[in-house]
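These are the residues of each chain, in order.
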Amino acid sequence: MNDFTLGVISSMAATALSVAVGWILSARARDWAVATLSRYSGLGVRKLHHQQRRAADELAADLAKARWVGVLTGRGNELTRDTFAPIWSGAVQPLDAVRVLLPDPQPDSWLVRREESMRRFDRGLRPGMLLEQVRNNAEYVREVAAHLDVVELRFYDLPNLYRIILTDEVAYITLYGDTEHGRNSPCVVAQRPGLLYGLALRVFTSTWEASSYGRDSRWRRTGGEG
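So, here's what we can say about the structure. (Residues numbered from 1 in each chain as written. Predicted model: local features only at pLDDT ≥ 70, side-chain atom pairs only at ≥ 80, totals over all residues. Heavy atoms only, no water.)

Going through the model one piece at a time under the given rule, you end up with nine salt bridges. As a salt-bridge pair, Arg154 and Glu152 come within 3.5 Å of each other at their nearest N and O atoms. Under the relative-accessibility criterion, Glu152 is labelled buried at 5%. In this structure, Arg192 and Glu169 form a salt bridge, with 3.8 Å as the shortest nitrogen-oxygen distance. (Salt bridge = Lys/Arg side-chain N within 4 Å of Asp/Glu carboxyl O. Buried < 20%, exposed > 50% of the residue type's maximum accessible area, 1.4 Å probe, protein only.)

Rendered as structure tokens:
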């Protein structure tokens, strides 16, 4: 095999390798591979965002089409941002229900353990700050609920390890990392029907059934469910 032939083969191999690497790294190709695997496995995964914050626009679009919404979150900052603004303002089509679950912001709750974990990598988080943030976000939702009857707020006292935002058609599932904020953690978008959507719905439903209106009477809804 002469030098010319070797050169051609080497060039072709390098080109093929470059194309393969580009395909692997391409966001569109990754989405295609995830969708294909999901379709054949029954998982129902629509998309994978490597950082939760990159899913905000897609989430807002899905919320605008929802008939009902369920939120199980860590501190709840996104509830006060543009993503949920159309729901709180009434601009979204009439909703049957908006159920919000926040961690119990009491000094003896699981939220304290999450705060201790976060303080290892976030030096700007002083003791008690995470609880304050949750209380402030809860107060925000409580004020919204005073104007929108479909909104209900409850609290859970369970390990603060993930965020789930559900509609009647899709679930956004974020798995919180031990050394990073939720906004930087990976987020899976799962469609209904599918195994992951069904799992997210069961987790949310069981947490809702085990939740409470909190130990602070200010957060109790008048005339709400018991």
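Further notes follow.
So, about the pairing of strand β6 (residues 170-175). The side chains of a regular strand alternate between both faces of the sheet. Within β6, five of the six residues are buried, which leaves it mostly tucked inside the rest of the structure. Both strand β5 (residues 162-167) and β6 contribute to a ladder of five bridges, which runs antiparallel. Paired with Ile165 across the strands is Tyr172, a residue of β6. What sits between β5 and β6 in their antiparallel hairpin is a turn of two residues. Alignment of β6 against strand β7 (residues 187-191), held across five bridges, turns out to be antiparallel. Among the inter-strand pairings, Ile173 is bridged to a residue of β7, identified as Val188. (Helix = DSSP H or I, 4+ residues; strand = E, 2+ residues; numbered from the N terminus. Pairing = 2+ DSSP bridges.)

Next up on the list: the environment of Ala60. Position of Ala60 relative to the elements: it lies in helix α3 (residues 56-63). Residues Ala60 and Pro86, 26 residues apart in the sequence, show an inter-C-alpha distance of 8.6 Å.

So, on to the sheet that holds strand β2 (residues 68-72). Pairing in this open sheet of seven strands is mixed, and the strands run β1-β7-β6-β5-β2-β3-β4 from one edge to the other. Two strands close off the open sheet at either side, each with one partner strand: β1 (45-49) and β4 (151-156). Ignoring strand direction, the axes of neighbouring strands in this sheet form an average angle of 10 degrees. As paired strands, strand β3 (residues 97-103) and β4 are joined by six bridges and run parallel to one another. Each residue of the ladder has a partner; that of Leu102, found in β4, is Phe155. Relative to the sheet, α3 contacts β1, β2, β5, β6 and β7, its axis offset from that of β5 by approximately 35 degrees. Together, β1, β2, β3, β4, β5, β6 and β7 form the strand contacts of helix α7 (residues 195-209), whose direction differs from that of β5 by roughly 105 degrees. (Axes fitted to C-alpha atoms, helices over the stretch in contact; angles between N-to-C directions. Contact = heavy atoms within 4.5 Å.)

By themselves, these observations are geometric and do not establish any function.
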